[in-house]
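Architecture at a glance
Next come the chains, spelled out residue by residue.
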Amino acid sequence: MKLIIICWSSNSGKTTLANEIAKFFDIKRISSSDYTKSLINENSREALENKFNELVINKWFDFISKKIIVF
């Protein structure tokens, strides 16, 4: 299993790139923001960033690579 993580600033084309890669390789795309949004009640950018930072500190990437991605 390979994990591709795309990181950069807001509005830099990460989702577009991820969609193109997923389509090209016929693989599943998982968005960290979709997962993070499911964990918060408030839909503000600040709440989303705070929750994401909390998840990163708690090794969210280790979790997602082992538990969520199943091909």
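Residues numbered from 1 in each chain as written. Predicted model: local features only at pLDDT ≥ 70, side-chain atom pairs only at ≥ 80, totals over all residues. Heavy atoms only, no water.

Quick word on the confidence of the model for the protein chain
Confidence in the prediction for the protein chain averages 80 pLDDT; 82% of positions are at 70 or higher. Mean pLDDT values for the elements of the protein chain range from 64 in helix α4 (residues 60-67) up to 93 in helix α1 (residues 14-25). (pLDDT = per-residue confidence, 0-100. Helix = DSSP H or I, 4+ residues; strand = E, 2+ residues; numbered from the N terminus.)

Some details on unusual backbone geometry
Although it is not a glycine, Asp26 sits at a positive phi angle of roughly 55°. Of note, Asp26 is situated in the loop between α1 and α2 (32-37). On the basis of relative accessible area, Asp26 is assigned to the exposed category, the value being 72%. (Buried < 20%, exposed > 50% of the residue type's maximum accessible area, 1.4 Å probe, protein only.)

What to know about the packing of aromatic side chains
If you walk through the whole model with that rule in mind, you get 1 aromatic pair. A centroid spacing of 4.9 Å and a plane angle of 85° characterise the contact between Phe24 and Phe25, whose relative ring orientation is edge-to-face. (Phe/Tyr/Trp six-rings, centres within 6.5 Å; stacked < 30°, edge-to-face > 60°.)

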